[in-house]
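Listed here are the chains, written in short residue letters.
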Amino acid sequence: KNKNSYYYESWIESTELIFSLDVDAPKDIDNETFDTIIKKNITKVIKYAKKYYDYDYKIKNVIILKTKNSNVKQSSHIIFRGLIFQNYKVCKNFFVRMIKEDNLEYCDVSIYGQTCLRTCFSCKKGKDLPLLPYELNIGNEPTCSINDFIDEKEYFESTLITKINNIDTKKITEEMIE
């Protein structure tokens, strides 16, 4: 099991996507504060999915990937299983609508273009900081755990925002956005 991989997923204009956040905080923020930022961002996404799409994300379907704190920054990817967005433009619309109403701390808007996103267990080239499974409790509910899956492969596949699976049930299309 090679954990020093450098894999990214990418998409084209017509690719359906699962919503995610790319959170990059300064290195001087400690782990506890960074966890609090992640929790707040998750709570806000859940709030606005309900407001805009009448959809209730379940905490157990939120997957968190996180790197160790580096001398440059702290990084996390948060994957929200449940809603299927028609394409990256519809995902971006959701993100932009949220940040017009609220602050999603340290979230990178550039992932909502035709770009790529680093995958679970992968490092950036030349770095030894893989994105690893991470769990938090929000309220009294735990986020998704690698132990919720049959094996590491099934977990990895669930972290891919381009892979639609059976818990992804409601599709958000261009006709539904403002």
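What counts and how
Residues numbered from 1 in each chain as written. Predicted model: local features only at pLDDT ≥ 70, side-chain atom pairs only at ≥ 80, totals over all residues. Heavy atoms only, no water. Helix = DSSP H or I, 4+ residues; strand = E, 2+ residues; numbered from the N terminus. Contact = heavy atoms within 4.5 Å. Polar contact = N/O pair within 3.5 Å; in protein donor to acceptor, adjacent residues only side chain to side chain. Buried < 20%, exposed > 50% of the residue type's maximum accessible area, 1.4 Å probe, protein only. Pairing = 2+ DSSP bridges. Expected span 1.5 Å × (residues − 1). Phe/Tyr/Trp six-rings, centres within 6.5 Å; stacked < 30°, edge-to-face > 60°. Lys NZ or Arg CZ within 6 Å of the ring centre and 35° of its normal. 1 Å grid on protein atoms, 1.4 Å probe; cavity = no way out; pocket = protein on both sides within 12 Å on 5 of 7 lines; lining within 4 Å. Points joined across faces, edges and corners; volume = space filled by probe spheres on them. Nonpolar A, V, L, I, M, F, W, Y, C, P; charged D, E, K, R; others polar. Axes fitted to C-alpha atoms, helices over the stretch in contact; angles between N-to-C directions. Parallel < 35°, antiparallel > 145°, perpendicular 65-115°, else oblique. Core = buried A, V, L, I, M, F, W, Y, C linked by side-chain atoms within 4.5 Å. pLDDT = per-residue confidence, 0-100. Salt bridge = Lys/Arg side-chain N within 4 Å of Asp/Glu carboxyl O.

Turning our eyes to something else, we now look at the environment of Asp 102. Following the sequence through the fold, Asp 102 ends up in the loop between α2 (88–101) and β5 (116–118). Along the sequence, Asp 102 and Gly 139 sit 37 residues apart, while their C-alpha atoms lie 20 Å from each other. With residues up to four places along the chain from it excluded, the contact list for Asp 102 reads Lys 44, Lys 47 and Tyr 48. Polar side-chain contacts of Asp 102 include one of 3.4 Å to the side chain of Lys 44.

It is worth spelling out the pairing of strand β2 (residues 17–26) at this point. β2 sits mainly inside the fold: eight of its ten residues count as buried. Taken together, the ten bridges between β2 and strand β4 (residues 73–85) define a ladder with antiparallel strand orientation. From the neighbouring strand, Pro 26 faces β4, where its bridge partner is Lys 73.

Let us now look at helix α1 (residues 31–53). Taking 1.5 Å of rise per residue, 23 residues should cover 33 Å, and α1 covers 32 Å from first to last C-alpha, within 8% of that figure. The N-terminus of α1 is capped by Asp 30, whose side-chain oxygen sits 3.1 Å from the backbone nitrogen of Glu 32. In the stretch just after α1, Asp 54 is the one whose phi turns positive, near 50°.

So, on to the packing of aromatic side chains. Inspection of every chain in the model, using the stated rule, returns 14 aromatic pairs. Through a chain of ring-to-ring contacts, the aromatic side chains of Phe 19, Tyr 48, Tyr 52, Tyr 53, Tyr 55, Tyr 57, Phe 80, Phe 85, Phe 94, Phe 95 and Tyr 112 assemble into a single cluster. The residue whose ring lies beneath Arg 97 is Tyr 52, and the NZ or CZ to ring-centre distance is 3.8 Å.

In this structure, the largest pocket encloses a volume near 220 Å³. In terms of lining residues, the largest pocket is bounded by 14 residues, among which Phe 149, Glu 154, Ser 158, Asn 165 and Ile 167 are the most central. Its residues assigned to classes, the lining of the largest pocket comprises four nonpolar, four polar and six charged.

Moving on: α2. In this model α2 runs 20 Å from its N-terminal to its C-terminal C-alpha over 14 residues, within 8% of the 20 Å that 1.5 Å per residue would give. On its buried side, α2 packs onto β2, α1, β4 and β9 (170–172). A distance of 2.9 Å separates the backbone nitrogen of Lys 89 from a side-chain oxygen at the start of α2, and that oxygen is part of Asn 87.

Next up on the list: the packing of α1 against α2. Between α1 and α2, the shortest axis-to-axis distance is 11 Å and the interhelical angle comes to 105°. Here α1 lies roughly perpendicular to α2, going by the angle between them. Residues Lys 44, Val 45, Tyr 48, Ala 49, Lys 51, Tyr 52 and Tyr 53 of α1 lie in contact with α2, whose contacting residues are Asn 93, Phe 94, Arg 97, Met 98 and Glu 101. Per-class residue counts for the contact of α1 with α2 are seven nonpolar, one polar and four charged.

We now examine the nonpolar core. Phe 19, Leu 21, Tyr 57, Phe 85 and Phe 94 are the most contacted members of the largest nonpolar core, which has 52 residues in total. Breaking this core down by element, the ones donating at least two residues are β2, α1, β3 (62–66), β4 and α2. For this core, the element with the most residues is α1, which contributes ten residues. Not counting residues up to four positions away in its chain, the partners in contact with Phe 94 are Phe 19, Val 45, Tyr 48, Ala 49, Tyr 52, Tyr 53 and Phe 85.

With that settled, the discussion passes to the confidence of the model for the protein chain. Considering every residue of the protein chain, the mean pLDDT works out to 93; 98% of them sit at 70 or more. When mean pLDDT is taken per element in the protein chain, strand β8 (residues 141–142) scores highest with 98 and β5 scores lowest with 92.

Below, the discussion takes up the pattern of salt bridges. This structure, assessed with the given rule, holds ten salt bridges. We note a salt bridge from Glu 13 to Lys 89, for which the minimum N-O separation is 2.8 Å. You can see Glu 13 sitting in the loop between β1 (8–10) and β2 and its partner Lys 89 sitting in helix α2, a full 76 residues away along the chain. For Glu 13, a relative accessible area of 40% translates into the label partly exposed.

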